[in-house]
Amino acid sequence: MSSTHRRGALGRVLAAVTAAGLLAACGGNDTPADAGGADRSALAAVTDEQLKGATIRMARFFGDCEKTTTGVTDVAKATTECETIQILTNAFNAENKHGIKVERLGGAEWNTYYDTLNAAYAGGNPPDVAVMHASNLSDYAKRNLLLKLDEQLPVTGADIGDAAPAAKQGATYQDGTYGLPFDIHAALVHVNVDLFRKAGLVDAQGNPKIPTSAEEFLADAETLAAKTGKKYFGTARVKDGLGVHMWRSLIDQQGGSVLNEDRTKANVDSPEARTALDFMGKVFNGRYADPDQTYDAAQQAFLKGDTAMLMNGTWVVDQYDKEAPFEYRAADFPTLYEKPAIWGDSHMWVIPRQQSADPVKQRAALEFSSYLYGRSGDWAVHTGHLASRTSVLQSAEYKQAPQRANYVATGTTNANPVPPVSSWMAFNEALIARVDSIWFQNAPVDTALSDANRQLDTILAK
Amino acid sequence: MAVTATTPPPSTVLAAPRTPRRSGRRRGDIAIALFFLAPFLAVYGLFVVWPVLQAGRMSFYDWDLLGYTREFTGFDNYRRMLWGTSMTWDLSHLAGLRAVVLAATAALVVRSVRRRARPLSTVGTGAAGLLAAALLGVHPGPGGGWNDPGFWTSVRHTAEFTAISTPILIGLGLAMALALRGQHRGTAFYRAAFFLPYVLPVSAVTLIWSFLLNPDRGLVAGGLQRLGIEPIAWLSDPQLAMWGIIATTVWWSVGLNLVLFLAGLQDIDPSLYEAASLDGAGAWHRFRHVTVPGLRHVTVLVAVTQLIASFQIFGQVYIMTRGGPGDATRVVIQHIYEAGFRNLQLGYAAAISLVFFLLMALVSAIQFRLTAREA
C-alpha cells in the first residue's frame, strides 16, 4: 500500500489501474527500429576538434561513492566496485587526449537499473553509454536498440579478439558484437580452510579438498558435519537466484541444458534436471546446508565460521580475503559430473541507439568503452571479478592479486554464460519461480517441471 | 367531486414542466459547477481516464515496452492470463470456496427478498453468484496447466492477504480507538505514537520490519531466544512469510483507522450513553446498541478503503520478500509490474491490470452495497 492509499474510495478503485496508466504512458514511443545507427565511416570521420569538449551521459550501477572518489584518478586507491569504476571514469576524464567528458546519470542499484534504463528508452532518451549484463544484452540487441560494434571497433583499435571466450560470447548476439566486455563474474566456492582442516578434508600440503563427484561431495559433507557440527555448504536460495544458478550449472555439468539444441524450446523436464534436483535435495537437508538462507544470512553464516564452503560470486573475494577471521581460500566451483560448468555473466559497455544519431557522441562513447575495455585488468584486480581479456587473465600481475590464481579456470573455461536467447530475464524469473516452488512449497517435481516447460515455451515463443 | 376534478394528481404536479426561469437558473448552476470542476476533470481525464482507455487498447496488442512494432493479437493476452491447456470442469474443484460463494449468494438473495428489493436486482445477484460458482470449477485437467500459473498464484495470495489483513486492521483500529477515547492521562501520546508509523514511507517501514524479523540479528528472534525458542526465519519460510508482511502492514497502517474511529466516536452523542446507562445497559450493551450503530458510517468508509488498499499490496512484498520464498507471497501488482517493466510485455501487463481493476471494482461494489445500505 502506498501512503496515499486512503484518499477516497472512488479514487482508490481507479488507482488500481495506475499501473495500466504508467504502462500506457510508456507506450508512446514510435521511433522506427532502424533509426540512430551509424556506419564506420561516420565515426571514423569525427575529428579531434569535434570530440574536444564532447560530453556523454553514462548509465551504470555499482553504487554511489562520490565522497571517496572526487578528484581521485589513481585506481590503486580503489577498494570497491564503485570506487574502481568511478576512479577509472575520473581518470578517463582527466587523461583522454580528445577532451571528452563523461557525466554519470542517477541510479546506483543494479536491481532497479534496468527499470530505469527501460524507462529512458521508452521516453526516447537513452544514455550515450551504459553498462549491461551479458544476460540482458539479447533483449536489447534483438530490438535493435544497441549500436553494433563490429564495424566500429577498428576506429579505436579495441581488440575484441583478446576477449575471454565467455566474455566474447556474452557480448555477441546473432554473430554481431554489441558490447565491450568489462569482466566475467561467476560463482566460486569460498572456503573456510580451518573447518576443512578440522574435518581432515585437506591434502598433504594443507590445501582444502574440493570434491570431484556428487558422491564425494556428500561423503565430505557428512564427514565435516560429524567432525565439526558445522554446515559443509551454503548458498543463498531465498530471495536470490544463486540456488537456481547452481541447479542449472549442475545440469550443464552433465551435458544437459535448460533449452533444446536450437534454443527454441525449454528442456527443463530432463533426466539431468532431476538428477541435479535430487542432489541438491540431499545437500540442502538442514544437516549439510541450510535450505532457507537469504544472501545476507548465507554470507553471515560463512563469515561467522558456521559454513565451511559458500557458493557466492567473484565480487566478494576481496571482501572475504580481508574480513574472514579464518584462513580463507577462493576456488573454482567443483566439477561434480562430466565437465566443468558454472553460472557466469559479464558486465559490458554498450552504446544505446538514439532517435537521432550523433556520430560525435557515439565516437566519444566508443572511445570511453574502449578505454574501459583496456582497463579491465584494473577492474578485475580491484573488484574480484575475472578480467574480460585473455591476455590479462594469463598475466603474472593479475595472478599475483589476492586469490586470483585460484580461480583462473573459471574465467578461461568453466564460466558458462547464460544462453543468448531473447527474453532471458523473463525466462530466468519464471525458471526461478518454478524451481523455488519445489524447494519451498513442496510442489511435486513432475508438476513443477512440466509447468516450467509450458511457461518457458510461452516466453520463448514471444 | 369538484375539488377532485380541479386538483391535478400528485404525479402530474411532479411531471409539470419547469418554468423557464428555474430551468435557466439550473443551467447556470451547472455551468458554474463545471467551471469549478474543470481543473479536476482535466487532470482526472488526462491521468486516469485516458490511461485506462489506452490500457484497454494495449491489452489487445502484443505491445513491447522497448519494441517499435505492435501486433494486434485480439484476445490472446486474456487467453494467456485466464486459460490453459487440457482445461476441464468438475464439481469438486475448489469445492469449499464454491460452497462459500453459493452460501453468500443465497444469503444475499434471501435478504433481497425480505427487503422487497427490485426483482431484477435479486435475480441478477443470484445469477452472478451461480455463474461465479460455476466458473470456479474450470481448471486444467491431468497433464494440463494454466498458461500463466503466476497470475493465479498472485491472485490467490492477494485475496488471502486481503481476507486476513482487512478484518485485523478494522478490528484493531476500532479496539485501539475505544481504548484511547476520552481525555485520560497519556492518551494523546499513545494516539500520536500509534499514528506515527502511517507517515513513514514504505521503504522505511519494510527496512524496520526486515531488521525486526531477521532470524540472526532481529529483535523478535532475540526475544524468542530468551524464552528458549529457536529463531524463526519469518520471511524465509513460505508458511510464515505472508504473516510477516501482514504484521508489517498492520503496524504501518492501523494508525489511520484508529484516528478515523476516534473521530467517529466523538460524533456519538454522550446523552445516548447516559440514557442507555439509566436504562440499565452494561458496557457490552452500550457498545452493541450505541457505539456500533453510531460508527456505521465510519465503518463503511474504513472497510471499503481498507479493502481496496489491501488489494493493492505491493511495496511491502516487493521489498521484503520479492514475492518469495518461491512464489509464496507473490501478489497481483507485482505480477503486473514484472510483466510490464521486467519482461517488457506491456500489452499483457495492461490486460492483467484491467482484469484486476474489474475484480476490485466488483468486490468493492458488493461490499459497499452490503454495508452502505445498513449505514
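Analysis parameters
Residues numbered from 1 in each chain as written. Chains lettered and ligands numbered in written order. Predicted model: local features only at pLDDT ≥ 70, side-chain atom pairs only at ≥ 80, totals over all residues. Helix = DSSP H or I, 4+ residues; strand = E, 2+ residues; numbered from the N terminus. Rg over C-alpha atoms; globule rule 2.2 N^0.38 Å. Buried ≥ 20, exposed ≤ 12 C-beta atoms within 10 Å, placed from the backbone. Contact = placed C-beta atoms within 7 Å. Pairing = 2+ DSSP bridges. Axes fitted to C-alpha atoms, helices over the stretch in contact; angles between N-to-C directions. Domains from an automatic or database assignment. Nonpolar A, V, L, I, M, F, W, Y, C, P; charged D, E, K, R; others polar.

A. The arrangement of the overall build of chain B in detail. Across its full length, chain B holds 17 helices and 4 strands. Relative to a compact globule of 375 residues, whose C-alpha radius of gyration would be 21 Å, chain B shows 26 Å and is clearly more extended. C-alpha atoms of chain B, sized along the principal axes, occupy 90 × 65 × 50 Å. Every one of the 375 residues in chain B was classed for burial, and the buried ones make up 32%. A fraction of 71% describes how many contacts in chain B between residues 6 or more apart in sequence connect residues 24 or more apart.

B. Representation of the overall build of chain A within the structure. Regarding its fold elements, chain A presents 23 helices and 14 strands. Computed over its C-alpha atoms, the radius of gyration of chain A comes to 23 Å, within 12% of the 23 Å expected for a compact globule of 462 residues. Counting over 462 residues, chain A shows a buried share of 53%. A separation of at least 24 residues holds for 75% of the contacts in chain A among residues at least 6 apart in sequence.

C. Structural detail: the sheet that holds strand S3 (residues 129–133) of chain A. All names here are of chain A. In spatial order, the strands read S2-S1-S3-S12-S6; together these 5 strands make up an open sheet with mixed pairing. The open sheet terminates on both sides in strands that have one partner only, identified here as strand S2 (101–104) and strand S6 (180–181). With 4 bridges joining them, S3 and strand S12 (residues 347–350) adopt antiparallel strand pairing. Bridged to His-133 within S12 is His-347. Packed onto the sheet, helix H8 (residues 134–142) meets S3 and S12 and runs at close to 120° relative to S3.

D. Broad picture of the pairing of strand S10 (residues 328–332) of chain A. Residue and element names in this part refer to chain A. Across the 5 residues that make up S10, a large majority, 4, are buried. Examined bridge by bridge, strand S7 (residues 183–192) and S10 share 5 bridges and lie antiparallel to one another. Among the inter-strand pairings, His-190 is bridged to a residue of S10, identified as Ala-330.

E. How the structure looks around the domain arrangement of chain A. Residues and elements named next belong to chain A. Each assigned domain of chain A is listed with its residue range as follows: domain 1 (34–182 + 346–412) and domain 2 (186–345 + 423–460). Computed over C-alpha atoms only, the centres of domain 1 and domain 2 are separated by 30 Å. Contributing elements (two or more residues each) for the side of domain 1 that touches domain 2: H8, helix H10 (165–170) and helix H21 (408–414). Among the elements that take part in the side of domain 1 that touches domain 2, H8 stands out by supplying 5 residues, more than any other. Residues belonging to the side of domain 1 that touches domain 2 are distributed by class as follows: 6 nonpolar, 12 polar and 2 charged.

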